[in-house]
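# A look at the structure
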Amino acid sequence: MTAVNFKKIEEKWQKKWEDKKVFQAKANPKKKKFYVLEMFPYPSAYGLHMGHAFNYTIGDIFARYKRMKGFNVMYPMGYDALGLPAENAAIKAKIHPEDYTKKSIKNFIKQHKSIGLSYDWERMIVTSDPEYYKWDQWIFLQMFKKGLAYQKKSSVNWCPKCQTVLANEQVYNGKCWRHENTNVEIKPLKQWFFKITKYANELYNDIEKLKKWPEDIKAMQRHWIGKSHGVEIDFKIKEKTWPIFTTRPDTIYGVTFMVISAQHPDLMDIVTEKHKKNVEKFLKKIHSVSEKQKEELEKEGVFTGSYAENPVTGDRIPVYAGNFVVADYGCGMVMAVPAHDQRDFEFAKKYNIPIKVVIQPEMYELNAERMSRAYTGDGNLVNSKEFNATWNRDAIDEIAEYLEKRKIGRRVIQFKLRDWLISRQRYWGTPIPIIHCEKCGAVPVPEKELPIKLPKDIKFGKGNPLETSKSFANVKCPKCKGPAKRETDTMDTFVNSSWYFLRYTDPKNSKKIFDSKKANYWCPVDLYIGGREHACMHLIYFRFYTKFLRDQGLLKFSEPAIKLFNQGMLHGPDKRKMSKSWGNVILPETVSKKYGMDTARLFLISLASLDKDIEWSDKGIQGSKKLINRIIDFYSEFNPSKTSPRLESKINKTILEVSESIENFKYNISAIKIRELFEAIEDEKNLSKKHAEIFLKLLHPFCPHITEELWEKLGNKKFITIQNWPEADTKKINEKFEQQDKIFENTISDIAEISKIIKDKKKKEPKKVFIYAIPKDLEIFNEEKLSKKTGKKVKVFAVNDKKKYDPENKAKKAKPGRPAIYLE
RNA sequence: GCUAGGGUACCCAAGCGGUCAAAGGGGCAGGACUUAAGAUCCUGUGGCUUAGUGCCUUCCGGGGUUCGAAUCCUCGCCCUAGCACCA
């Protein structure tokens, strides 16, 4: 066996691809485009590991396949370079974030190239480049003009470790998304927001159009956006009208109390003098409980002293402040119907508030005194005046109608989605292009002054570093020219990644964010690959941006990606997620040296379905390694000859199977089909040059380097990667051969079986095999092949051969498709 | 609790109404090669039976639909991920 220097071959072809710019994409309206994109990485000093390689290989295989299929493929890569981890790492290493980032990116590029990915490097973008984030600022200004970027004071999530605020999407169970042990604090601060809620309805409804997105991601987004239909009912409290949102207007007659969120900004307006102390005591108490206890927290509240008037019944009902009401959903107050809502029920029981049944189930009768839990099922209304005996589901509509007619309520749609908090009090982000002037207020920076670059004269330490830069903060007001202060908040890094896919289509444009023609040619992204963890962050934000830029007249489409693919996660040999912190990281460099990158690529995709989590194992990769070595051996001794019709049938069938499995992202099946074909080739030995080339083409997307190398060895001058994908000649596919293969394999099993029996009985291993086949089947049984597979000397006779050796007269047992066998 | 997805032979994993005792890989066993080991190659790998075309029991468990189920329905149990007091 020849020793192969994989690393050398890999570097050779990586360099050639790059030198000849084979993967450079050019917009060409006459050609059908295909845009493959992987979520770009956040460059860190740790570099890439095989988990990343797996992710990128998925896209690369598809890009190479589509390119060979004749599509105009764009497959770019870039770096999401701004953000907190880089800043923190830089501070720790005592270098500037920019230097840290540059160094990391350099390493990432090197590693990306070493995996053999067919990126168009001319299109690379780096979000920390002012020429990139300039357009982030430009988008901000457009949003500002439309009232979609605005400032407001509100209770925001503050991570004490990050020293900055977080978006709702970045808070998991009350913890920071980057610090799972750090409780997020609630602080009232003036912050910048993007009004993503303006698009809530469209974002929700269009999920339906994402036919090629995974169901779970869509479900998560639906849940996150949280659309619900309901009614706002006007309750009067202390002369003020409070529109209370409910999805259950059918229970309006059963309201016995109200609960306002303890976090509500206007809570104190409702609290009466007499109850002030009590309420304050309560607030103090709920603030002092730790997050952990909050999870199991009982519903608690305190009477505010005020009463609300039920607009339908005119009842005077007490208003409580409670710990279980969300402050910024609806209007932060709920109407409570203890008989038919479990939370309200628990609360009412605890504070001895009356329970009024307004829905009676059909099978039995509820008694308010004896209920042990709320009845949340359906039934007919009772105690509801003119609506009595109405089926509650019908009553929802009827009562809504009734409220609307009397102008004391209206049908509305509520969303859980909140506006996107984009302010960050950190350095390594896009500066917000706003100047604060005492006279003119928040004034946008004129577009021609963009980009507002990050200053260098800053100090890291406590608080926002941008505030330490004199050159940055003190400016003139663009409107009145008076002294003013520049906004020192930077934008969330998710801003940068919300539109990067568009910039790839025209990455060097200095006049415009991108040329719409180009963007509309290449986009939407045909295949977008990345992790599930972005379901409710990036994947919502970039849909939002797409819709906004469409409304700005820049785009003609409404959804950024046609197909979304979530790859599984690669685990280390210890079955844990591959990551630096577990110390189970496998590096591409090591793998390339040890097995060759092609081997690793093949191994990763053949382990399981691409969307499943997989495990790296040095044992497991042996299977791929053996195959690759055999292929290389075969080609190094290859002499073209004529391909048998049997093999030709198999080749053509495999073309269909491999193509189909690639299209369906079943690369594991592709790998098996390729393996099976190669084994057939090895068995037959005779192969024409044309077919030898077809095999390499089928293998190429998976193993790009060695296929280029072997392709060249066959005497080809042009790259295999720009060849046409083989077309199957279906006329050559003959199922007869497959049946024959089956017969052949059965025969081998039979020989082994009989051999075993003889060995058991006679304690002697038979060495010779005689096969008696009916003449029609004769072509199936190749003596040489049989001998090799059985490890015995095999002789084949036709049953009607007069001179055959058949001492026990077995030949007569032969049937079509099943030869007779004699062993000795 | 809700939502999405799973539970397949020693392990990983494909299959998703008949061609299924169930692809492929790993492991293990036997054989070939070799002085031997390793590497490589071939074969086997649910059970029973027999000089081979046979039978039995399997695809988390129970029930069902069907001429026929690993595959469809239903009820459980278990796992994985995400969300979680949204009125």
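Residues numbered from 1 in each chain as written. Chains lettered and ligands numbered in written order. Predicted model: local features only at pLDDT ≥ 70, side-chain atom pairs only at ≥ 80, totals over all residues. Heavy atoms only, no water.

## Re the overall build of chain A
What counts, and what does not: By definition, any uninterrupted DSSP run of H or I lasting at least four residues is a helix, any uninterrupted run of E lasting at least two residues is a strand, and each is numbered from the N terminus. Two things to know: the radius of gyration comes from C-alpha atoms, and the globule rule equals 2.2 Å times the number of residues to the power 0.38. In this description, contact between two residues means that some pair of their heavy atoms is separated by no more than 4.5 Å. With residues, only the protein chains shown are counted as cover, and all accessible areas are computed by Shrake-Rupley using a 1.4 Å probe. Positive charges are assigned to Lys and Arg, negative charges to Asp and Glu, while His and the chain termini are left out of the count. The location of each charge is read from NZ of Lys, CZ of Arg, CG of Asp or CD of Glu.
Along its length, chain A carries 25 helices and 33 strands. Relative to a compact globule of 824 residues, whose C-alpha radius of gyration would be 28 Å, chain A shows 35 Å and is clearly more extended. Across chain A, every contact between residues at least 6 apart in sequence was considered, and the portion connecting residues at least 24 apart equals 73%. In the structure as shown, chain A presents an accessible area of about 39200 Å², 50% of it carried by carbon and sulfur atoms. Averaged over its 150 positive side-chain charges, chain A has a centre that lies 4 Å from the centre of its 107 negative ones.

## Considering the confidence of the model for chain A
Keep this limit in mind: Predictor confidence is given residue by residue as pLDDT, running from a minimum of 0 to a maximum of 100.
Summary statistics for chain A give a mean pLDDT of 91 and a share of 98% for residues scoring 70 or more. Least confident of the elements in chain A is helix α10 (residues 291-295), whose mean pLDDT is 45; most confident is helix α14 (residues 500-503), at 98. Every residue in residues 290-295 is under pLDDT 50, and counting partners more than four places away or in other chains gives 5 contacts. Overall fold confidence (pTM) sits at 0.92, and the ipTM for the predicted complex is 0.94.

## A word on the sheet that holds strand β5 (residues 149-159)
To keep things clear, this is the line we draw: Think of it this way: DSSP has to see at least two bridges between two strands before they count as a pair.
With respect to topology, 4 strands assemble into an open sheet ordered β6-β5-β9-β19, the strand pairing being antiparallel. Whereas interior strands pair on both sides, the edge strands pair on one side only; in this sheet they are β6 (164-166) and β19 (420-421).

## A look at the protein's contact with RNA strand B
Note the threshold: We call a residue near a molecule or strand whenever a single non-hydrogen atom of that residue lies within 4 Å of it. For the purposes of these results, a polar contact is taken to be a pair of N or O atoms within 3.5 Å, where, inside protein, one atom must be able to donate a hydrogen and its partner to accept one; residues adjacent in sequence count only when each atom of the pair is a side-chain atom. Residues are sorted three ways: Asp, Glu, Lys and Arg are charged, Ala, Val, Leu, Ile, Met, Phe, Trp, Tyr, Cys and Pro are nonpolar, and all the rest, Gly among them, are polar.
Taken together, 53 residues surround RNA strand B, and among them His 223, Thr 247, Arg 343, Ile 672 and Lys 789 come closest. Restricting the count to atoms of RNA strand B within 4 Å of the protein gives a sugar and phosphate share of 62%. Here Ser 749 contributes a side-chain N or O atom positioned 3.3 Å from a phosphate oxygen of RNA strand B. A distance of 3.4 Å separates a sugar or linking oxygen of RNA strand B from a polar atom in the backbone of Lys 788. Elements that contribute at least two residues to the surface near RNA strand B include exactly α7 (215-225), β11 (240-246), α19 (621-636), α21 (667-684), α24 (735-762), α25 (783-790) and β33 (820-823). Per-element accounting of the surface near RNA strand B gives the leading share, 8 residues, to α24. The residue makeup of the surface near RNA strand B, split by class, is 21 nonpolar, 9 polar and 23 charged.

## Notes on the environment of Val 171
Structurally, Val 171 is set in strand β7 (residues 171-172). In this structure the C-alpha to C-alpha distance between Val 171 and Asn 183, which are 12 residues apart in sequence, comes to 9.2 Å. Residue contacts for Val 171: discarding those within four places in its chain leaves Asn 157, Leu 166 and Val 184.

## Topic: the environment of Ile 674
Worth spelling out the cut-off: Residue exposure (1.4 Å probe, protein chains only): buried if accessible area is under 20% of the type maximum, exposed if over 50%, otherwise partly exposed.
Relative to the helices and strands, Ile 674 is located in helix α21. A residue is classified by how much of its surface remains accessible, and Ile 674, at 2% relative accessible area, is buried. In this structure, Ile 674 is in contact with Val 658, Phe 695, Leu 698, Leu 699 and Phe 702, ignoring residues within four places of it in sequence.

## Section: the nonpolar core
To keep it simple, the criterion reads: Take the buried Ala, Val, Leu, Ile, Met, Phe, Trp, Tyr and Cys residues and link them wherever side-chain atoms come within 4.5 Å; each set so joined is a nonpolar core.
With 168 residues, the main nonpolar core has Met 50, Trp 420 and Trp 616 as its most contacted residues. Sorting elements by how many residues they give to this core places helix α2 (residues 50-68) first, with 10 residues. Beyond its immediate chain neighbours, meaning those up to four positions away, Trp 616 contacts Met 50, Leu 570, His 571, Gly 572, Pro 573, Met 578, Ile 586, Val 591, Ala 600, Phe 603, Leu 604 and Ile 621. Grouped together as the second largest cluster of nonpolar side chains are 56 residues, Ile 286, Ile 317, Ala 336 and Ala 395 included.

## Some thoughts on the sheet that holds strand β31 (residues 768-773)
We count it as follows: For every element, the axis is a line fit to its C-alpha atoms; helices are fit only across the contacting stretch, and the angle between N-to-C directions ranges from 0 to 180 degrees.
What the 3 strands build is an open sheet, ordered β32-β31-β33; its pairing is mixed. The open sheet has two edge strands, β32 (793-798) and β33, and neither has a second partner. On average, each strand axis in the sheet is tilted by 20 degrees relative to the strand beside it, whichever way the strands run. Relative to β33, β31 is paired through 4 bridges, and the arrangement is antiparallel. Along β33, the bridge assignment pairs Phe 770 with Tyr 822. Sheet strands touched by α24: β31 and β33. Its angle to β33, the strand with the most contacts, is close to 35 degrees. Contacts from α25 reach β31 and β32 within the one sheet, and its direction differs from that of β32 by about 140 degrees.

## Remarks on the side chain of Asp 136
Under the convention used in this document: In what follows, salt bridge is the name for a side-chain nitrogen of Lys or Arg lying within 4 Å of a carboxyl oxygen of Asp or Glu.
Looking at where Asp 136 falls in the secondary structure, it is placed in helix α5 (residues 130-145). Although Asp 136 is buried, it forms no salt bridge, and the closest oppositely charged side chain is Arg 503 at an N-O distance of 9.4 Å. Filtering out sequence-adjacent residues up to four positions away, Asp 136 remains in contact with Thr 430, Met 491, Val 495, Asn 496 and Trp 499.

## Quick notes on the packing of α19 against α21
Rules: In these notes the angle categories are as follows: under 35 degrees is roughly parallel, over 145 is roughly antiparallel, 65 to 115 is roughly perpendicular, and the rest is oblique. In this scheme the handedness of a crossing depends on how the near helix is turned from the far one: anticlockwise by less than a right angle means left-handed, clockwise means right-handed.
At their nearest, the axes of α19 and α21 sit 11 Å apart, and the two run at 40 degrees to each other. Comparing their axes, α21 and α19 come out oblique. Seen from above, α19 lies across α21 with left-handed handedness. Contacts from Gly 623, Ser 624, Leu 627, Arg 630, Ile 631 and Phe 634 of α19 reach α21 at Arg 675, Phe 678, Glu 679, Ile 681 and Glu 682. A class-by-class count of the residues in the contact of α19 with α21 yields 5 nonpolar, 2 polar and 4 charged.

## A few points about α25
Owing to its 3.6 residues per turn, the α-helix brings residues three or four apart onto one side. So the rule is basically this: Directions pointing from the helix axis toward each C-beta atom define the arc.
Every buried residue belonging to α25 is among Lys 785, Leu 786 and Thr 790, and all of these are buried. Summarising the axial view, the buried residues of α25 lie within an arc of 115 degrees, below the 170-degree limit, and thus occupy one face. Those residues of α25 that are exposed and aimed more than 90 degrees away from the buried face are Glu 784 and Lys 788. Tucked into the core, α25 has its buried residues touching α21, α24, β31 and β32. Just beyond α25, the residue with positive phi is Gly 791, at close to 75 degrees.

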